[in-house]
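What the coordinates show
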Amino acid sequence: RFYKLWGAGDSAQYVMAEKLLRDGLSVNNKRQVFHLSLGDLFFQQGKKSDGITSFAQAIFQDEQAGFPHWYMAKAFFNEGEYEGGLRELKTALKLGHQIADAYEIEPMVRLLEQKKEYQVLHELIKRLVEIEPWNAERLRTLAKSYVLLGDKVNARIYAERAMKKDSNLREGSEEFFDMLK
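A brief structural summary. (Residues numbered from 1 in each chain as written. Predicted model: local features only at pLDDT ≥ 70, side-chain atom pairs only at ≥ 80, totals over all residues. Heavy atoms only, no water.)

1. Description of a positive patch on the surface
On the surface, Arg161, Lys164, Lys165 and Arg170 cluster together to form a positively charged patch. Within the secondary structure, Lys164 sits in helix 10 (residues 152-165). Accessibility expressed as a relative area gives 71% for Lys164, which makes it exposed. (Patch = residues over 30% accessible without salt bridge, like charges linked within 9 Å, V, L, I, M, F, W, Y side chains within 5 Å. Areas by Shrake-Rupley, 256 points an atom, 1.4 Å probe, with all protein chains shown as cover. Salt bridge = Lys/Arg side-chain N within 4 Å of Asp/Glu carboxyl O. Lys, Arg positive; Asp, Glu negative; His and termini not counted. Charge placed at Lys NZ, Arg CZ, Asp CG, Glu CD. Helix = DSSP H or I, 4+ residues; strand = E, 2+ residues; numbered from the N terminus. Buried < 20%, exposed > 50% of the residue type's maximum accessible area, 1.4 Å probe, protein only.)

What follows is the structure, given as structure tokens:
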């Protein structure tokens, strides 16, 4: 029922959603989904420290589950806490977290590239390609990540796949392929 209340921005609805989530936690405090949903709800209201606390409680319930670490990584990155975000992101990826939405990764990709965290960046981009294998731009980004890791063979393979899916990517690609020689 709280999902219907979510996202409306009405403070009375937030209060009702929080109450329902807390009721769920009173029945079963070990359900990570309640902690994660409560954390999301807090972030929507600008109660970021409460949100981070809820995400930490979800992690405490099962440290081997990847998705609570993913939520915490997003929260830390959102708050500009790069080191905490990177630590949680690495943990989520190591635990095999399956990313469901490519758009939630975009801000992380840009930040990781700026910080030269190429290995983590590469893992994220590979997950993007798993989500959207038809997306030529994602394939091109994966090719670039292989270049950053020094793997010219795979860079060429993915660049060629990208151009097969979108011939417009051929423009300017000569320089890229020259770099791979």
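Text resumes after the structure shown.
2. Observations concerning the nonpolar core
By size, the foremost hydrophobic cluster in this structure holds 32 residues, and its most contacted members are Trp70, Leu89, Ile105, Val109, Leu112 and Leu124. Listed by contribution, the elements that provide at least two residues to this core are helix 5 (66-78), helix 6 (82-94), helix 7 (106-114), helix 8 (118-131), helix 9 (136-148) and helix 10. The element that contributes the greatest number of residues to this core is helix 8, accounting for six residues. Residues contacting Ile105, with those up to four places away along its chain left out, are Trp70, Ile99, Leu124 and Leu128. With nine residues, the next largest nonpolar core counts Ile52, Phe55, Ala58 and Phe76 among its residues. (Core = buried A, V, L, I, M, F, W, Y, C linked by side-chain atoms within 4.5 Å. Contact = heavy atoms within 4.5 Å.)

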